[in-house]
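Tertiary structure, described
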Amino acid sequence: EEITHDIIPKQSDGIFIFGQGDLEKEMLARAKELYAAILSPKPKVVLNGLVYYERKENAQGGKEWKNILMREGIPEEDILMTREAKHTGEEAERIVECAERYRWKELIIMATPYHLPRCLLTILGVLREKNRKINIYGATVPGSAWDEVVEWVSYASGEKTKGTRQELLEYERRKSEQYRNERKKGNTKITPIMSPEEGLKYLMQRGIKK
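As a starting point, this report considers the structure included with it. (Residues numbered from 1 in each chain as written. Predicted model: local features only at pLDDT ≥ 70, side-chain atom pairs only at ≥ 80, totals over all residues. Heavy atoms only, no water.)

Here we come to the overall build of the protein chain. Helices and strands together make up the secondary structure of the protein chain, namely six helices and seven strands. The order of helices and strands in the protein chain, counted from the N terminus, is β-α-β-α-β-α-β-α-β-β-β-α-α. Relative to its length of 210 residues, the protein chain is compact, with a C-alpha radius of gyration of 16 Å against a globular reference of 17 Å. When its C-alpha atoms are laid out on the principal axes, the protein chain stretches across 50 × 45 × 35 Å. (Helix = DSSP H or I, 4+ residues; strand = E, 2+ residues; numbered from the N terminus. Rg over C-alpha atoms; globule rule 2.2 N^0.38 Å.)

In structure tokens form, the structure reads like this:
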């Protein structure tokens, strides 16, 4: 079944887009749609302040994405930049920092369809470690071709990952499991990450006041 989006809230304090080259135009167009759909008060669109999101030729980064969003009609004052984040774990930590600074309670995160599950579980892991309560929602772009071959080059390591989006979904699942196991063994350099079962439980209980 295609992953297109979570339940999208009528109100959100922010929309954070995980930086990646694949489906770049579609992701930014989707962010504009979400921004337009939230009436008042308007959310902040938050970008990773990294110069380049992937270590490859013609890669774009926060500055280019900000300019694109401004050309699409999003006011500059509604676009925020986090400190540079070189990988998914750092991005999760930066957006939680941002949410804490502005005391946000509702946050939409955006990523490519295959990357979104790990992004969501990583943010939830960071929130749990910090004992922070924020309602997190996931969004991506509909209509992605799962059999299309794409190449993703990590900015942090330069590692090239190539495959269909369906294959990359499995790759992301393995990465999540690897990082979770390394964290359990005591490697505190690894950003905390929830298990899929814990993430599902969170989604089922999200927004319920205890």
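Looking now at the pattern of salt bridges. Scanning the model with the defined rule gives 16 salt bridges in all. A salt bridge links Glu 97 to Arg 94; the nearest nitrogen and oxygen atoms lie 3.8 Å apart. Note that Glu 97 and Arg 94 are positioned in helix 3 (residues 88-102) at a spacing of three residues, about one turn of the helix. Across the pair Glu 177 and Arg 173 runs a salt bridge whose closest N-O atoms are separated by 3.2 Å. One end of the pair is Glu 177 and the other is Arg 173, both in helix 5 (residues 165-184) and four residues apart, which spans about a single turn. For Glu 177, a relative accessible area of 36% corresponds to the partly exposed category. Where salt bridges share partners, they join Glu 170, Arg 173, Arg 174 and Glu 177 into one cluster. (Salt bridge = Lys/Arg side-chain N within 4 Å of Asp/Glu carboxyl O. Buried < 20%, exposed > 50% of the residue type's maximum accessible area, 1.4 Å probe, protein only.)

Approximately 500 Å³ is the volume found for the second largest pocket. Surrounding the second largest pocket, 28 residues form its lining, His 87, Thr 88, Arg 118, Ser 154 and Tyr 179 being those nearest its centre. Elements supplying a minimum of two residues to the lining of the second largest pocket: helix 3, helix 4 (116-130), strand 6 (149-153) and helix 5. Tallied by class, the residues present in the lining of the second largest pocket amount to eleven nonpolar, eleven polar and six charged. (1 Å grid on protein atoms, 1.4 Å probe; cavity = no way out; pocket = protein on both sides within 12 Å on 5 of 7 lines; lining within 4 Å. Points joined across faces, edges and corners; volume = space filled by probe spheres on them. Nonpolar A, V, L, I, M, F, W, Y, C, P; charged D, E, K, R; others polar.)

Now for the packing of aromatic side chains. Following the criterion strictly, the structure yields four aromatic pairs and no others. Between Tyr 102 and Trp 104, the ring centres sit 5.5 Å apart and the planes meet at 20°, which makes this aromatic pair stacked. Judged by relative accessible area, Trp 104 falls into the buried class, the value being 8%. Both rings, one in Tyr 114 and one in Trp 152, keep their centres 6.0 Å apart while their planes meet at 55°; by these two values the pair is tilted. Of this pair, Tyr 114 sits in the loop between strand 4 (106-110) and helix 4 while Trp 152 is found in strand 6, placing the two residues 38 residues apart along the sequence. Cation over ring: Lys 42 sits above Tyr 35, and NZ or CZ is 4.6 Å from the ring centre. Of note, Arg 55 hangs over the ring of Tyr 155, and the distance from its end group to the ring centre comes to 4.5 Å. (Phe/Tyr/Trp six-rings, centres within 6.5 Å; stacked < 30°, edge-to-face > 60°. Lys NZ or Arg CZ within 6 Å of the ring centre and 35° of its normal.)

For sheets, the rule is that strands pair by backbone hydrogen bonds, running either parallel or antiparallel. The strand order across the open sheet built from five strands is 3-2-1-4-5, with neighbouring strands paired in parallel fashion. Only two strands of the sheet have a single neighbouring strand rather than two, namely strand 3 (79-81) and strand 5 (135-139). Strand-to-strand, the axes of this sheet are offset by a mean angle of 25°, without reference to chain direction. Pairing of strand 1 (residues 14-17) with strand 2 (residues 44-47), which is carried by four bridges, proceeds in the parallel orientation. Counterpart to Ile 15 in the pairing with strand 2 is Val 45. Packed on one face of the sheet, helix 3 meets strand 1, strand 2, strand 3 and strand 4 and runs near 165° to strand 1. (Pairing = 2+ DSSP bridges. Axes fitted to C-alpha atoms, helices over the stretch in contact; angles between N-to-C directions. Contact = heavy atoms within 4.5 Å.)

A few words now on the packing of helix 3 against helix 4. Put simply, helix 3 and helix 4 touch, their axes get as near as 9 Å, and they point 55° apart. By the angle between their axes, helix 3 is oblique relative to helix 4. In this structure, the crossing between helix 3 and helix 4 has a hand that is right-handed. Of the residues in helix 4, those in contact with Thr 88, Gly 89, Ala 92, Glu 93, Ile 95, Val 96 and Glu 100 of helix 3 are Arg 118, Cys 119, Thr 122, Ile 123, Val 126, Leu 127 and Lys 130. (Parallel < 35°, antiparallel > 145°, perpendicular 65-115°, else oblique. Left-handed = near helix turned anticlockwise from the far one by under 90°.)

Moving on to the nonpolar core. Core analysis: the biggest nonpolar cluster contains 26 residues, and Ile 95, Trp 104, Ile 109, Ile 123 and Ile 136 have the highest contact counts within it. No other element matches helix 4, which puts eight residues into this core. Every residue in contact with Trp 104, bar those within four places of it in the chain, is listed here: Asp 13, Gly 14, Lys 44, Val 46, Leu 80, Ile 95, Cys 98, Ala 99 and Ile 134. The next biggest cluster of nonpolar side chains, apart from the first, holds 22 residues, and it includes Val 45, Leu 47, Leu 50 and Tyr 53. (Core = buried A, V, L, I, M, F, W, Y, C linked by side-chain atoms within 4.5 Å.)

Worth remembering: the numbers are spatial, not functional.
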